[in-house]
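Observations on the three-dimensional arrangement
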Amino acid sequence: MSAGPGNPANAPVLEIRGLCVDYGRGATATRAVIDADLTLHRGEVLGLAGESGSGKSTLAYGATRLLRQPGIITGGRVLFRPSAESPDFAIDILDASPQTLRGLRWRDVAIVFQSAMNSLNPVLSVQAQLTDTVAAHLPQSTKSERREHAAGLLKLVGISEDRLRSFPHELSGGMKQRVMIALALALDPQVVIMDEPTTALDVVTQRQIVEQVIRLREELGFSVLFITHDLSLLIEMADVIAIMYAGRIVESAPAQRLFRAPRHPYTAALLDSFPSLHGKPKMLAGIPGSPPDMRNLPPGCPFAPRCRYALPRCVEQYPAITSPAIASAARRLVACWLHEERELPAGLAVPEPDDETGTPVPVVPGSSGGAR
Ligand SMILES: Nc1ncnc2c1ncn2[C@@H]1O[C@H](COP(=O)(O)OP(=O)(O)OP(=O)(O)O)[C@@H](O)[C@H]1O
Ligand code: SF4
Ligand SMILES: [Mg+2]
């Protein structure tokens, strides 16, 4: 996994700031994404997890301005920083002209959509779909260059060149998904957003594709925003994980820290509902209740009706996302009132190892509010 920030090569490449997306307008609008902040660093895999309907896909489509009606971006900025050498230069995707956006999408920021394998054109061969993408963005390339590039891309995702002539119906689900990944990589993008790229596949193929994404990321150096509801998959592959609940990012942290020491009750409950690939076998516990109606969100913490630790203030006011009260809080953020209490519940007070020394860092509650 890649190193964190500090080195310019690991500086932010995509920053989502205060993104808000609604479906519809007025009192009946669905508030699908609320004030979301996310930072993707160069060469890093940022995982985004949360239950179905929490707003993960909407965040990705909003950030790339690919939302369909009735989706409306009601606020925020999405800063793409194209050059590691000039880290202060940024393009705000939400403010970019249609021309800038056309150039930027696919060439700089590529997307593998949810159920992407069904979005291959059924009447075009794999070769035609790959070469069309290259031709649209690199019109000066020759026919033979495009074919060669298409063959190279297929090879990159583990498919033999002789499949270039195949049509989508002649490929397995896993192969179609790999072709979609090849399409996303066609123009050597800096950022690849993958929205549930393996959900429809069996676990063996799922694992092969995830391993391939990790290998390609190392080989080609792109950054990945990987969206899934499978938190256990992210713990394996992501550098940093953000957890979404009812349209908001409720916790984010380096993957192993989040896994070992979750600080938000929802993250802890999500971890308890997945079998762990590491450590001792454990009893799985579901999360009682169901997510709130996003058309009618409560004023306080929307997790309160399902939260075993809820306090009276939780139903009145939503907690801001801040660094939790632990000494080594680098890149840790949490939105939960418990972190302002004198004592944290035992399940959320697990010491985590310090990055430098490896010694456990004690939790000192009641002093949260560090910089983002
Ligand atoms: N076209 C639409 N019109 C109205 N509401 C929508 C539309 N698309 C999504 N929503 C609502 O927005 C919210 C977020 O949906 P979204 O698809 O972003 O969730 P998700 O986290 O990606 O879920 P999943 O894991 O099932 O893909 C949900 O409440 C959903 O019902
Ligand atoms: S803010 Fe309150 S209800 Fe929400 S997760 Fe924290 S303790 Fe639970
Ligand atoms: Mg989705």
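Summarised in this report is the structure supplied together with it.

The rules behind each value
- Residues numbered from 1 in each chain as written.
- Chains lettered and ligands numbered in written order.
- Predicted model: local features only at pLDDT ≥ 70, side-chain atom pairs only at ≥ 80, totals over all residues.
- Axes fitted to C-alpha atoms, helices over the stretch in contact; angles between N-to-C directions.
- Helix = DSSP H or I, 4+ residues; strand = E, 2+ residues; numbered from the N terminus.
- Parallel < 35°, antiparallel > 145°, perpendicular 65-115°, else oblique.
- Left-handed = near helix turned anticlockwise from the far one by under 90°.
- Contact = placed C-beta atoms within 7 Å.
- Nonpolar A, V, L, I, M, F, W, Y, C, P; charged D, E, K, R; others polar.
- Near = placed C-beta within 6 Å.
- Pairing = 2+ DSSP bridges.
- Buried ≥ 20, exposed ≤ 12 C-beta atoms within 10 Å, placed from the backbone.
- Core = buried A, V, L, I, M, F, W, Y, C linked by C-beta atoms within 7 Å.
- Right-handed = clockwise from strand over helix to strand, strands pointing away.

1. Here's the deal with the packing of helix α3 (residues 126-137) against helix α5 (residues 173-185)
- Two elements in contact, α3 and α5, have axes whose closest approach is 9 Å; the angle formed by their N-to-C orientations is 20 degrees. Classified by the angle between their axes, α3 and α5 sit roughly parallel to one another. In the packing of α3 onto α5, the handedness of the crossing is right-handed. Of the residues in α5, those touching α3 at V126, Q129, L130 and T133 are V179, A182 and L183.
- Classifying every residue of the contact of α3 with α5 gives 5 nonpolar, 2 polar and no charged.

2. Focus on the site of ligand 1
- Around ligand 1 sit 15 residues, and of these Y23, S52, K56, S57 and T58 come closest.
- Going through the elements one at a time, β2 (30-41) and α1 (56-63) are the ones with two or more residues in the shell around ligand 1.
- When residues in the shell around ligand 1 are grouped by element, the largest group, 3 residues, is from α1.
- Class assignment of the residues belonging to the shell around ligand 1 gives a composition of 4 nonpolar, 10 polar and 1 charged.

3. Digging into the sheet that holds strand β11 (residues 333-334)
- On the basis of which strands lie adjacent, the open sheet formed by 7 strands has the order β6-β7-β8-β3-β9-β10-β11 and mixed pairing. Looking at strand neighbours, the two that pair on one side only are β6 (109-112) and β11, the edges of this open sheet.
- One ladder, built from 5 bridges, connects strand β7 (residues 191-195) with strand β8 (residues 223-227); its direction is parallel. Each residue of the ladder has a partner; that of I193, found in β8, is L225.
- Here α5 sits on the sheet and contacts β6 and β7; the angle it forms with β6, its principal contact strand, is near 170 degrees.

4. A closer look at unusual backbone geometry
- Omega for the bond connecting Q69 with P70 falls within 30 degrees of zero, at 0 degrees, which places this linkage in the cis form.
- Secondary-structure assignment places P70 in the loop between α1 and β4 (71-80).
- You will see that W106, though not glycine, has its phi angle at about 75 degrees, which is positive.
- Positionally, W106 belongs in the loop between α2 (98-104) and β6.
- Taking the number of C-beta atoms within 10 Å as the measure of exposure, W106 has 17 and is therefore partly exposed.
- With a phi angle near 50 degrees, A246 is a residue other than glycine that sits in the positive phi range.
- Inspection of the secondary structure puts A246 in the loop between β9 (240-245) and β10 (248-254).

5. Observations concerning the nonpolar core
- The biggest cluster of nonpolar side chains holds 91 residues, and the ones touching the most others in it are L46, A182, V192, L225, L234, I241 and I243.
- In terms of residue count, the dominant contributor to this core is α5 (7 residues).
- When sequence neighbours within four positions are dropped, the list of residues in contact with I241 reads G47, A49, L234, S252, A253, A255 and L258.

6. A look at the pairing of β8
- In terms of residue burial, β8 counts as a mostly covered element, since 5 of its 5 residues are buried.
- Burial along β8 is two-sided: S223, L225 and I227 facing one way and V224 and F226 facing the other are all buried.
- Direction of pairing for strand β3 (residues 45-49) relative to β8: parallel, over a ladder of 4 bridges. By the bridge assignment, L46 is partnered in β8 with L225.
- The β-α-β motif built from β7, the intervening helix α6 (residues 203-220) and the parallel element β8 has right-handed crossover chirality.

7. What to know about the packing of α5 against α6
- Where α5 meets α6, the closest approach of the two axes is 11 Å, and the angle between their N-to-C directions is 20 degrees. The angle between α5 and α6 falls in the class roughly parallel. Considering the relative orientation of α5 and α6, their crossing is right-handed. Here G174, Q177, R178, I181 and L185 of α5 come into contact with α6, specifically with T205, I209, V213, L216 and L220.
- For the contact of α5 with α6, the residue count by class is 6 nonpolar, 3 polar and 1 charged.

Note that all results are geometric; they support no functional claim without further evidence.
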